[in-house]
Amino acid sequence: VARTMLAESEAFLQRCEDDYGEAACSSDLQSQIEQERKAVDRVAPLYGLTLPLITFAPDAEPQQVMVMGQDIYVLDTGRNVVVAYRLTPDGEALADPVDGQVVLRAGDAVDGITVGPLLDLAWQAPVPGFDDKSSLLVLDDNNTVFRYNQQVDGASVVDFGAESGWQKASQIETFLGRLYVTDVGANQIFRYDPGRYEQPSVWFQPGTAVNLAGLKTMRIDGDIWLLFDSGRVLRYRQGEQMPYSLDNSVMPPENPADLWVGQGTDDALYLGDALKERILVFDKETGAYLEQFQAAEGTPLNGLRSLFVDAVHSTQYILTDSSLFQERLPQ
């Protein structure tokens, strides 16, 4: 109701300006409407977006960010590279070198296989009995997954046997040691048990209606969450779609950037809106709208691309097409 009344107020104000021209009081009224709208929409301003943690080169097109401890990985489709950065021990700044280290590049030869255009990142924790090291997993456009470990062996190819059977893999994710691969060509998600990459199981049960066309992001917290280009979020459990929808009391994003699903004590769902330069926050279980994050001033979230939320340290990493910001979660 409050949003409707504010929209009506704005329409009346516009009519007055059209009929009588702008006046000092009309500017004041417009500012008051904007402030009231932010209060109604529970907008939490982000004050730390004045100085980026990383500023990217003009030819870069950063698409995804992943943070593990002191290590930051950015997938850059403009230069077709994955770049690693390292935080200082206090986690507040970048250690040298500030321009990062390329850990994988399209065109590289790894184990006799040429790396294709890069698509997605995932993090694989140690798998007892198979691999005692954490690794970064990178999917390319040729249905190949590469493993990178900085401390030991660099990059290698993950062996899926004689043939993976994927038609068009587009997303990878891990959960509890298992690897999940979204195949939009087969309209299926394949799941691999920890360390066993030759015999997958299919995630969607027979008879489950599913259409993966337009899939933008996959996240897993036990359930599988799928964000589509339309802004729709679907939730699946044990291969079946769950009744779920996000609160539409605020306008849903027309150009969604990314989805982040909280885990552990973080019961929030974060949805990046590239068009309106904001991050919408919902209750993960109910889909109820909670709040939204916007820049306190200016347009630093222009070109929003990717989110990574570290709830343990109350920090979010916000990737745009030109910068990476490190920002405290509003309390």
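Residues numbered from 1 in each chain as written. Predicted model: local features only at pLDDT ≥ 70, side-chain atom pairs only at ≥ 80, totals over all residues. Heavy atoms only, no water.

### Concerning the overall build of the chain
Our working rule: Labels follow the DSSP assignment, with helices taken as runs of H or I lasting at least four residues and strands as runs of E lasting at least two, numbered in each case from the N terminus. To get the radius of gyration, use the C-alpha atoms; to get the globule rule, take the number of residues to the power 0.38 and multiply by 2.2 Å. Any pair of residues with heavy atoms lying within 4.5 Å of one another is described as a contacting pair. His residues and chain termini do not enter the charge count, which takes Lys and Arg as positive and Asp and Glu as negative. We put the charge of a Lys on NZ, of an Arg on CZ, of an Asp on CG and of a Glu on CD.
The helix and strand tally for the chain stands at two helices and 27 strands. Taken over the C-alpha trace, the chain has a radius of gyration of 22 Å; the compact-globule value for 331 residues is 20 Å, and the two agree within 12%. Referenced to the eigenvectors of the C-alpha coordinate spread, the extents of the chain come out at roughly 75 × 50 × 35 Å. If you take every contact in the chain between residues at least 6 apart in sequence, the share linking residues at least 24 apart comes to 45%. Each charge class in the chain was averaged separately, 24 positive and 50 negative side chains, and the resulting centres sit 4 Å apart.

### Some remarks on the sheet that holds strand 16 (residues 201–202)
Within a beta sheet, neighbouring strands are joined by backbone hydrogen bonds and run either parallel or antiparallel to one another. Heads up, the rule is: For two strands to count as paired, DSSP must find a minimum of two bridges between them.
The antiparallel open sheet is built from four strands, whose spatial order is 13-14-15-16. For this open sheet the edge positions go to strand 13 (169–175) and strand 16, each flanked by a neighbour on one side alone.

### Remarks on the nonpolar core
The nonpolar side chains of a soluble globular protein tend to be buried, and buried together. The cut-off we apply is this: For the purposes of this section, nonpolar cores are sets of buried Ala, Val, Leu, Ile, Met, Phe, Trp, Tyr and Cys residues that join through side-chain atoms within 4.5 Å. Accessibility here uses a 1.4 Å probe with only protein chains present; expressed as a share of the type maximum, an area under 20% marks a residue as buried, one over 50% as exposed, and anything in between as partly exposed.
Core analysis: the biggest nonpolar cluster contains 53 residues, and Ile72, Val82, Leu136, Tyr270, Ile318 and Leu324 have the highest contact counts within it. Top element by residues in this core is strand 5 (residues 81–86). It accounts for five residues. Beyond its immediate chain neighbours, meaning those up to four positions away, Leu324 contacts Pro52, Leu53, Ile54, Phe56, Val65, Ile72, Tyr317, Ile318 and Leu319. Among the nonpolar cores identified, the runner-up in size contains 15 residues, and Tyr180, Leu212, Met218 and Tyr236 belong to it.

### Concerning the pairing of strand 24 (residues 289–295)
Two strands pair when backbone bridges link them, and strand 1 (residues 43–46) and strand 24 are joined in this way by four bridges, in the parallel orientation. If you follow Leu46 over to strand 24, its bridge partner there is Ala295. Connecting strand 23 (residues 278–283) to the next strand, strand 24, in antiparallel fashion are five residues, including Gly287 with a positive phi near 80°.

### A word on the sheet that holds strand 24
Short version of the rule: Axis angles are defined between N-to-C directions and span 0 to 180 degrees, where every axis is a line fitted to C-alpha atoms and, for a helix, only to the segment in contact.
An order of 1-24-23-22-21 is seen for the five strands of this open sheet, with the pairing classed as mixed. Two strands in the sheet have a free side with no partner beyond their single neighbour: strand 1 and strand 21 (256–261). Each strand axis lies, on average, 20° off the axis of its neighbour in the sheet, ignoring direction. Pairing analysis gives five bridges linking strand 21 to strand 22 (residues 268–273), with the strands arranged antiparallel. Following the sheet pairing, Leu259 is matched in strand 22 by Leu271.

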